[in-house]
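Next come the chains, spelled out residue by residue.
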Amino acid sequence: MVEPAGQHSIAFEGIGTHWEISTPAALSAALRAGLRERVEAFDGDWSRFRRDSLVGAMARAPGSYRFPAEADALGRLYRRLYDTSGGAMTPLVGSSLEQLGYDPAYSLQRRGSASPAPAWDDVLDWSGRSITAKAPVVLDIGAAGKGMLVDLLAAELESAGVESYCLDASGDLLVRGAEPLAVGLEHPYNRAQAIGVVPVHNQALCASAANRRAWGDGLHHVLDGTTGQPVRTVVATWALADTAMLADALATALFFMPGSTLEKDFDFSWLTVFSDGGAAYSPGFAGTLFT
């Protein structure tokens, strides 16, 4: 539930999600085409659902792979969160997700019991743009990847002189401009309801929820890398940060760690809703919860 940032908007599909970009003035045809091309290029590099992607190649054969420039910041962020969470948050849960049915065919049929993700240093050397797989690995950057792409599209807009915009990737938002947007916080058990509202202004707001990609008997996409099983104690999180990549990653990290722990290393505000109906939030969280 977002108020549009301007009278002009474009919408398109990419990386399996719906995108909408709102701006005060219409974007040129060349810029619109460039944004779509950027999304397609990202998908061709990072998607674990495409056999022709770099990630797809890594899943079939070990070796060294050269990724685009954004890989450097992504790898460093993932490694920090991997270490902080004791391996619970990891980009190496792809095989476990596939075993549980969240596979390239979207079968949503469990193949067997998911196992813990492999230890990072046993199978992966991620240095800058270079990623070396010591064995075939299914890399899954879903915890931060959509946010990273939001930031990349924002950079395209700003390089074209667009200073005010709302970039919405199915609820992962980046807002730049003079006026804040009032954003509803979706109820984790009823998408037609909101549990609160938060103003977003010159920041990114990203959410993670167990109900968004759920199937079977209580299965969902947020897996604990140490067990290979879905997290059961948290049902929804929101994170506000300066970049969408950071907000996206921390929204997932809140499934594994208290926000108060993450605040020691990262500058952000947050809200966590637990499966028992309780909630916790940071002192700096500007949202209002409905009671």
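Here the structure is shown first, and the text comes after it.
Residues numbered from 1 in each chain as written. Predicted model: local features only at pLDDT ≥ 70, side-chain atom pairs only at ≥ 80, totals over all residues. Heavy atoms only, no water.

**With respect to unusual backbone geometry**
In this structure, Leu-108 is a non-glycine residue whose phi angle is positive, near 55 degrees. As for its placement among the helices and strands, Leu-108 is situated in the loop between α4 (94–99) and α5 (120–123). Judged by relative accessible area, Leu-108 falls into the partly exposed class, the value being 36%. Not every positive phi belongs to a glycine, and Asn-202 is a case in point at roughly 55 degrees. By the secondary structure assignment, Asn-202 is in the loop between β9 (190–200) and β10 (203–209). On the basis of relative accessibility, which here comes to 34%, the residue Asn-202 falls in the partly exposed class. (Helix = DSSP H or I, 4+ residues; strand = E, 2+ residues; numbered from the N terminus. Buried < 20%, exposed > 50% of the residue type's maximum accessible area, 1.4 Å probe, protein only.)

**Concerning the sheet that holds strand β15 (residues 234–241)**
Read across the sheet, eight strands follow the order β1-β2-β6-β7-β10-β15-β16-β17 without closing on themselves; strand pairing throughout is antiparallel. Among the strands making up the open sheet, the edge pair consists of β1 (8–14) and β17 (279–281). Within this sheet the neighbouring strands show an average axis-to-axis angle of 10 degrees, counted without direction. Where strand β2 (residues 17–23) lies against strand β6 (residues 165–169), four bridges are found, and the strand directions are antiparallel. Note that in β6 the partner of Trp-19 across the bridge is Ala-169. Against the sheet, helix α1 (residues 29–46) engages β1 and β2, with an angle of about 25 degrees to β1. (Pairing = 2+ DSSP bridges. Axes fitted to C-alpha atoms, helices over the stretch in contact; angles between N-to-C directions. Contact = heavy atoms within 4.5 Å.)

**Some remarks on the pairing of strand β4 (residues 124–127)**
Going residue by residue along β4, you find Leu-124 and Trp-126 tucked away on one face and Asp-125 and Ser-127 left uncovered on the opposite face. Inspection of the sheet shows β4 paired to strand β5 (residues 130–133) by four bridges, in the antiparallel sense. Bridge assignment links Leu-124 to a residue of β5, and that residue is Ala-133. Counting the residues that bridge the hairpin from β4 to β5 gives two residues, and of these Gly-128 lies at a positive phi of roughly 60 degrees.

**Notes on the sheet that holds strand β8 (residues 181–187)**
Pairing is antiparallel across the open sheet formed by three strands, whose spatial order is β8-β9-β18. Across the chains shown, the open sheet's two edge strands, defined by having one partner strand only, are β8 and β18 (288–289).

**Here's the deal with the nonpolar core**
Counting 78 residues, the largest nonpolar core has Trp-46, Leu-81 and Leu-167 as the members making the most contacts within it. Ranked by residues supplied to this core, first place goes to helix α7 (residues 244–253) with eight residues. Core analysis: the second largest hydrophobic core is formed by 18 residues, Leu-173, Leu-181, Ala-209 and Val-273 among them. (Core = buried A, V, L, I, M, F, W, Y, C linked by side-chain atoms within 4.5 Å.)

**Quick look at the packing of aromatic side chains**
Summed over the entire model, instances satisfying the criterion amount to nine aromatic pairs. One residue, Arg-48, lies across the ring of Tyr-102, its end atom 5.1 Å from the ring centre. Residue placement shows Arg-79 over the ring face of Trp-120; its charged tip is 5.0 Å from the ring centre. (Phe/Tyr/Trp six-rings, centres within 6.5 Å; stacked < 30°, edge-to-face > 60°. Lys NZ or Arg CZ within 6 Å of the ring centre and 35° of its normal.)

**Concerning the packing of helix α6 (residues 145–159) against α7**
Between α6 and α7, whose axes approach to 7 Å, the crossing angle comes to 165 degrees. Relative to α7, the element α6 is oriented roughly antiparallel. Handedness of the crossing formed by α6 with α7: right-handed. Note on element contacts: α7 touches α6 through Ala-244, Met-245 and Asp-248, opposite Gly-145, Lys-146, Gly-147, Met-148, Val-150 and Asp-151. Taken together, the residues of the contact of α6 with α7 sort by class into four nonpolar, two polar and three charged. (Parallel < 35°, antiparallel > 145°, perpendicular 65-115°, else oblique. Left-handed = near helix turned anticlockwise from the far one by under 90°. Nonpolar A, V, L, I, M, F, W, Y, C, P; charged D, E, K, R; others polar.)

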